[in-house]
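Here is how the chains run, residue by residue.
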Amino acid sequence: MNEKCLHTLEFDKIVGFLTEYAATPLGKDYCRQLVPLTDIDEIRTRQRQTSDAVSRLFAKGALSFAGVKDIRSSLMRLNVGSSLGISELLSISSLLSAASRVKSYGRREQSDTNPDSLDGLFAGLEPIFPLHQEISRCILSEEEISDDASPALKKIRRALAAAGEKIHFQLNTLMNSSRTYLQDGVVTMRNGRYCLPVKAEHKNQIAGMVHDQSSSGSTFFIEPLAIVKLNNEIRELEIAEQKEIEIILAKLSQMAAEYTNLLEEDFLILCSLDFIFARATLSRKFKCSEPNFNEKKYIRIKDGRHPLLDPGKVVPINLELGGDFHQLIITGPNTGGKTVSLKTVGLFTLMGQAGLHIPAFDGSQLSVFTEVFADIGDEQSIEQSLSTFSSHMTNIVQILDKADCDSLVLFDELGAGTDPTEGAALATSILSFLHKMQVRTMATTHYSELKVFALSTPGVENACCEFDVATLRPTYRLLIGIPGKSNAFAISKRLGLPQFIIDDASERLDHQDVAFEDLLTGLEENRVRLEQEKEELSRYKAEIAGLKNKLAEKQERIDAQRERMLKEASEEAARILAEAKKTADIAIKNINRISGDSDIARALEKEREALRKGMEKNNERKTKPKPVPAAKAIDPKKLRVGDGVKVLSLNLTGTVSSLPNQKGDLYVQMGILRSLVNISDLQLLDESGITALGNQLPTGKRTQKRSSSSIGMGKSATISPELNLIGMTTDEAIPALDKYLDDAYLAHLPQARIIHGRGTGALKAAVHQLLRRSPVVASFRLGSFGEGNTGVTIVEFKTGKE
């Protein structure tokens, strides 16, 4: 890729941004050396790496490469057997620390089983923990080796500390005894030896060696003879310390030499990851996406934004090239965005082929070009005596000499800078030559001849940058398929040029030029009208969708209202039937009282049973219960209070008095016996079983009682000896109690148990008031201990004789 094009399309500025995001020395070099590639497989690999790094940044945050230093020169010294210094060993330790941190960052969660292109790089890092830990243990900083680096070093430093204490003790003693001879009461160091600052006039009073003199000559720095031996001892210990440090560094270097290949591999991998994550950071910075690459020389940019323009002001462009047409001629007024569109396409191509994401909508497509040529801007040179036209033509000659079908060519103001007629003719010929070579080309121009060339030549398409004449401002929208107008007359009029001058200029235009401009004006008006109609159609569609939703909601409300009305009608019908049944029950009860004709009573009871079964059938049809499957085991959900059952363990029959709890336990009333049994010990009686309860009497007694009990035989099998009113209001409980008393009396129950609870006593008082007025109740009392106490009332019914 030619360097001039990279500079013209400002690819070097993108590289500058990219370099700022790299942290390692070699990673920055990778960024500075970044150039577009031409191998599509390598391009796709780089794009995939950038995308995977972006995904990791979003998932785990930024990755730090701090501490990675270039250790390659140190590794070369290790390979020849040299020892490294403290700073070099610390650089190795810092590299290993970074390798450990980066490897931990790249480790996937157990739930994440989708591999990516970076897994191999992260897996290739080897932190070499033994070497890292040994260097960290021995070296504390660039100026300090740890006392624990070796036993010998620790022993030497203890001896140094002891010798230092002895010297300070001796010097303090001398200072206290010779304070008048001293310039200052402090201990100083000269040439690595402890000295006292002695006044010049008393230098002969202190026996010792003179090591230095102040610049004024008033102070002599004398090493007293009493500490010469101790100073010598300290000096010897310091030499021994330095030798031991060299031994320690040699051992660490020898240990590091065993891992030179791994260390170099770690360094290269870290720098490669730094380069990749710098590309990912750039992608996040400019809100980029991965382009899809093809080999068909097809470009499709969706909402592309030039990365060097203000993101708050730049208008995205949508552009295609290489599909139905392979040449695009962009026209329109100055400052309308034509050159920006050229640079955007060229820069996106360079960025994509370099492995960088582009600031465009996801799904944009780019192709691989071996060369990108751009003739953009005014490059006239005074030194080379080149005018604007000459400089452009020099570039065009070079482009035409090198361009082929694998090239992308960008021309800005093709043929400008010379006579318009000749310039237009040259531009048309140049574009025609490139068109025959199938070169993907984009060109901007003001020449009407090029607009006509695009309209009349297959494979060449017009485009324009939209301009709002009313506001004299470009909208920067790129419109494919529509030639643009320069709008010189309209802009001049808007800016205040007299109308007579504009009219005179219009008259000087060639008739064909006027006709062509009128054609462009008509096309523009048609385009605006079509866009308005499209917007209006979209608005109508939205309104239709809204009306459709409202109609659906209205239909739902109508259906709900219909269901509610049907439910209310069904409930009203059930209420009427219940009232009718109640009236019939009262009539039968009164007839049974005054009539001794058993045949009439049986007939009435038969009619009453038919009415009851009809009501139950109607309720079943209304509620639509699920059919009970035939099974020996009793379904707790299907069991009801009053059902006839047989207790298998006792071989007794009775009625269900309460519903089963979670364990399946329930109460069964067997005559006067009320027992707690499990549902697994019960067998549900059918109609024949219930009838058999009455047939258990002796034959003579059955005959005697037949006339008085035949009406209540069917009823006694379904009426429970217990009524639970807890949870009901007084208005609900009294009608239910009244009906229950009638049913229980007709069923010839001797007594009943009414459960009303304690509460405030209002329900109990209402129950007792009804029992006093009831003609079928002989007596009633509150329950005793074991029967429910005051929360229960025991009712005794009248017999037939009463």
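The preceding data block contains the structure.
A brief report on the enclosed structure follows. Along every chain, residues carry numbers that run from 1 in the direction the sequence is written. Only residues with pLDDT of at least 70 get local features here, since the model is predicted, and only at 80 or more are side-chain atom pairs given and counted; chain-wide, interface and lining totals rely on the full set of residues. Water and hydrogen atoms were dropped before computing side-chain values, which therefore reflect all heavy atoms in the structure.

### Some thoughts on the pairing of strand 13 (residues 407-411)
- Classification of residues uses two cut-offs on accessible area relative to the type maximum, computed with a 1.4 Å probe and protein chains only: under 20% is buried, over 50% is exposed, and between them is partly exposed. Only DSSP runs of H or I reaching four residues or more are called helices, and only runs of E reaching two or more are called strands; each is numbered from the N terminus. Among the five residues of strand 13, five are classified as buried, and the element is accordingly described as predominantly covered.
- Of the two faces of strand 13, both are covered, the one formed by S407, V409 and F411 as well as the one formed by L408 and L410.
- Two elements, strand 13 and strand 14 (residues 440-445), share four bridges in a ladder whose sense is parallel. Across the sheet, residue F411 finds its bridge partner in strand 14, namely A443.
- Handedness rule for crossovers: strands pointing away from the viewer, path from the first strand over the helix to the second running clockwise, crossover right-handed. Following the chain from strand 13 across helix 14 (residues 420-436) to the adjacent parallel strand 14, one finds a crossover that is right-handed. Strands are treated as partners if at least two bridges between them are detected by DSSP.

### Some thoughts on the pattern of salt bridges
- By definition, a salt bridge exists where a carboxyl oxygen of Asp or Glu is found within 4 Å of a side-chain nitrogen of Lys or Arg. Scanning the entire structure with this criterion turns up 25 salt bridges.
- Where D147 meets R157, a salt bridge forms, and the shortest distance between an N and an O atom there is 2.5 Å. Of this pair, D147 sits in the loop between strand 2 (144-145) and helix 9 (151-177) while R157 sits in helix 9; the two residues are 10 residues apart in sequence, bridging distant segments of the chain.
- A residue is classified by how much of its surface remains accessible, and R157, at 18% relative accessible area, is buried.
- The network of salt bridges with common partners includes R56, R108, D116 and D119.

### As for the environment of Q669
- Here Q669 is to be found in strand 19 (residues 665-670).
- Considering only alpha carbons, one finds Q669 and P721, 52 residues apart in sequence, at a separation of 7.7 Å.
- Setting aside anything within four residues of it in sequence, one finds Q669 in contact with G654, T655, S657, R674 and P721. Any two residues whose heavy atoms approach within 4.5 Å at even a single point are treated as in contact.

### Some remarks on unusual backbone geometry
- At K287, a residue that is not glycine, the phi angle is positive and equals roughly 55 degrees.
- If you trace the backbone, K287 turns up in the loop between helix 11 (260-285) and strand 7 (292-294).
- By relative accessible area, K287 is classed as exposed at 67%.
- Of note, Q438 is a non-glycine position whose phi angle comes to about 60 degrees, a positive value.
- Along the polypeptide, Q438 turns up in the loop between helix 14 and strand 14.

### Notes on the environment of E10
- You can see E10 is positioned in the loop between helix 1 (3-8) and helix 2 (11-20).
- The exposure class of E10 is buried, given its relative accessible area of 16%.
- The spatial distance from the C-alpha of E10 to the C-alpha of G346 is 9.6 Å, given a sequence separation of 336 residues.
- Apart from the residues within four sequence positions on either side, E10 is in contact with H306, L308, K343 and L347.

### Comments concerning the sheet that holds strand 24 (residues 777-782)
- Within the open sheet, the four strands sit side by side as 22-23-25-24. Their pairing is mixed. Each edge of the open sheet carries a strand with a single partner, namely strand 22 (722-724) and strand 24. Strand after strand, the sheet turns through a mean of 20 degrees between neighbouring axes, direction not considered.
- When strand 23 (residues 751-755) meets strand 25 (residues 792-797), the two strands line up antiparallel, connected through five bridges. Bridging across to strand 25, I754 finds its partner in T793. Structural elements are reduced to axes, namely lines fitted to C-alpha atoms, with helices fitted over the stretch in contact, and the angle between N-to-C directions of any two is expressed from 0 to 180 degrees.

### Observations concerning the environment of S658
- Looking at the secondary structure, you find S658 in the loop between strand 18 (652-656) and strand 19.
- For S658, a relative accessible area of 18% translates into the label buried.
- Once residues lying within four places of it in the same chain are set aside, the contact partners of S658 are V641, L666 and Y667.
- Pairing of N or O atoms within 3.5 Å defines a polar contact, subject to two protein rules: one partner must be a possible hydrogen donor and the other a possible acceptor, and residues neighboring in sequence count only if both atoms are side-chain atoms. Side-chain polar atoms of S658 contact the backbone nitrogen of Y667, separated by 3.0 Å.

### A look at the packing of helix 22 (residues 730-746) against helix 23 (residues 762-773)
- Direction vectors running N to C along helix 22 and helix 23 enclose 35 degrees, while the axes themselves pass 10 Å from each other. Helix-helix and strand crossings are classified by hand; for helix 22 and helix 23 the assignment is right-handed. Packed against helix 22, whose contacting residues are T730, A733, I734, L737, D738 and L741, the element helix 23 presents L763, A766, V767, L770 and L771 at the interface.
- Its residues placed into classes, the contact of helix 22 with helix 23 shows nine nonpolar, one polar and one charged. Throughout, a crossing is termed right-handed when the near helix is turned clockwise from the far one, and left-handed when it is turned anticlockwise from it by less than a right angle. For this scheme, ten residues count as nonpolar: Ala, Val, Leu, Ile, Met, Phe, Trp, Tyr, Cys and Pro. Four count as charged, namely Asp, Glu, Lys and Arg, and the remainder, Gly too, count as polar.

### A short note on a nonpolar patch on the surface
- Each patch is built from residues that are more than 30% exposed by relative accessible area and take part in no salt bridge. Like charges join if they lie within 9 Å; nonpolar side chains (Val, Leu, Ile, Met, Phe, Trp, Tyr) join within 5 Å. The protein chains shown are the only cover counted for residues, whose accessible areas, like all others here, come from Shrake-Rupley with a 1.4 Å probe. On the surface, L497, F500 and I501 cluster together into a nonpolar patch covering about 280 Å² of accessible area.
- Within the secondary structure, I501 sits in helix 17 (residues 499-508).
- What makes I501 partly exposed here is its relative accessible area of 35%.

### Focus on the packing of aromatic side chains
- Stacked, tilted and edge-to-face are the three classes assigned to paired rings of Phe, Tyr and Trp, where Trp is represented by its six-membered ring and a pair needs centres within 6.5 Å; plane angles under 30 degrees give stacked, over 60 edge-to-face, the rest tilted. Counted under the stated rule, the structure contains six aromatic pairs.
- With centroids separated by 6.3 Å and ring planes inclined at 55 degrees, the aromatic side chains of F65 and F277 adopt a geometry described as tilted. Here F65 is found in the loop between helix 4 (40-60) and helix 5 (72-79), whereas its partner F277 is found in helix 11, with 212 residues between them in sequence.
- F277 sits in the buried class, given a relative accessible area of 3%.
- Through successive ring pairs, a cluster of aromatic residues spans F65, Y105, F122 and F277.
- By definition here, charges over rings are those cases where NZ of Lys or CZ of Arg is within 6 Å of the ring centre and within 35 degrees of the ring normal. When the ring centre of F369 is taken as reference, the NZ or CZ atom of K297 above it lies at 5.4 Å.
- Against the face of Y540 rests R539, its NZ or CZ located 5.9 Å from the ring centre.

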